[in-house]
Amino acid sequence: MSEKTHVNHEFGPFCDEESEILVLGSFPSVLSRKQGFYYGNPRNRFWMILQEVFGEPVPNDVEGRKNFCKRHHIALYDAIEECDIVGSKDDSIENIVPADVQSIVLGSKIKRIVLNGNAAKHYFLTFQPNFDHVELFFMPSTSPANAAWSLPRLVEIWKSALNNS
């Protein structure tokens, strides 16, 4: 077992003035921190889900992924800004400094917050204020550790949160 280390988020929220949907994870994985952007583990199904939901390929490079998110008005961030963690294990997280989600949402066009997995849900509900004007969606995790959910099942449920209907 690896040692627990104190880690800062290392890269901030990804959003712009046109963002309408904020997807929140718990805390970036080791591979995401190394890459400097969200969902950097190639086994994480987040980008595959977006590709299926929006019917267009998602580039593998960070700039391409940022442009994809901008086109679809998606902002990305995490519920935790810094914490003690072992590797990428959500269940090892302690000594949390929550992310300032409120400063992103207030005054923005964000109308939905999509929580990616139970850890994101738990930390968001524990540390964030109530956003009356924002719809919350609690989604199953896209992490490869969530083997109980197949990609087709994830795509089907994530469609409800990501499609503007």
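Residues numbered from 1 in each chain as written. Predicted model: local features only at pLDDT ≥ 70, side-chain atom pairs only at ≥ 80, totals over all residues. Heavy atoms only, no water.

1. Topic: the environment of D100
Along the polypeptide, D100 turns up in the loop between β5 (94–98) and α4 (101–105). You can call D100 partly exposed: its relative accessible area is 46%. In this structure, the C-alpha to C-alpha distance between D100 and E81, residues 19 residues apart in sequence, is 7.8 Å. (Helix = DSSP H or I, 4+ residues; strand = E, 2+ residues; numbered from the N terminus. Buried < 20%, exposed > 50% of the residue type's maximum accessible area, 1.4 Å probe, protein only.)

2. Some thoughts on the packing of helix α2 (residues 46–54) against helix α6 (residues 151–162)
One can describe the packing of α2 onto α6 by two numbers: an axis separation of 9 Å at closest approach and a directional angle of 65 degrees. It follows that α2 is roughly perpendicular to α6 by the angle criterion. Regarding α2 and α6, the two cross each other, and that crossing is right-handed. Each of F46, M48, I49, L50, E52, V53 and F54 in α2 lies in contact with α6, whose residues at this interface are L151, L154, V155, W158, K159 and L162. Class assignment of the residues belonging to the contact of α2 with α6 gives a composition of 11 nonpolar, no polar and two charged. (Axes fitted to C-alpha atoms, helices over the stretch in contact; angles between N-to-C directions. Parallel < 35°, antiparallel > 145°, perpendicular 65-115°, else oblique. Left-handed = near helix turned anticlockwise from the far one by under 90°. Contact = heavy atoms within 4.5 Å. Nonpolar A, V, L, I, M, F, W, Y, C, P; charged D, E, K, R; others polar.)

3. Some remarks on the sheet that holds strand β3 (residues 74–78)
Within the open sheet, the four strands sit side by side as β3-β2-β6-β7. Their pairing is parallel. Two strands bound the open sheet, and with one partner strand each, they are β3 and β7 (135–139). Looking at each pair of strands side by side, their axes are set apart by 20 degrees on average, direction ignored. Sheet analysis places strand β2 (residues 21–25) next to β3, joined by five bridges and oriented parallel. Considered in β3, the bridge of I21 is made with I74. Together, β2, β6 (112–116) and β7 form the strand contacts of helix α5 (residues 118–127), whose direction differs from that of β6 by roughly 130 degrees. (Pairing = 2+ DSSP bridges.)

4. Some thoughts on the sheet that holds β5
With antiparallel pairing, three strands are arranged side by side in an open sheet as β1-β4-β5. Strand pairing shows two members of the sheet lacking a second neighbour, β1 (5–8) and β5, which therefore form its edges. On average, adjacent strands in this sheet sit at an angle of 10 degrees to one another, irrespective of strand direction. As paired elements, β1 and strand β4 (residues 80–85) share four bridges and run antiparallel to each other. Residue T5 lies in a different strand from β4, and its bridge partner there is I85.

5. Overview of the state of the cysteines
Counted by the stated rule, this structure contains zero disulfides. The thiol of C15 is not disulfide-bonded; the next cysteine sulfur, from C69, is found 11 Å away. Exposure remark for C15: the relative accessible area of 36% places this residue in the partly exposed category. (Disulfide = S-S within 2.5 Å.)

6. Focus on α5
Looking at α5, one finds that the buried residues are A119, A120, Y123 and F124. For α5, the angular spread of the buried residues around the axis is 125 degrees, confining them to a single face. The elements touched by buried residues of α5 are β2, β4, β5, α4, β6 and β7. (Arc of directions from axis to C-beta.)

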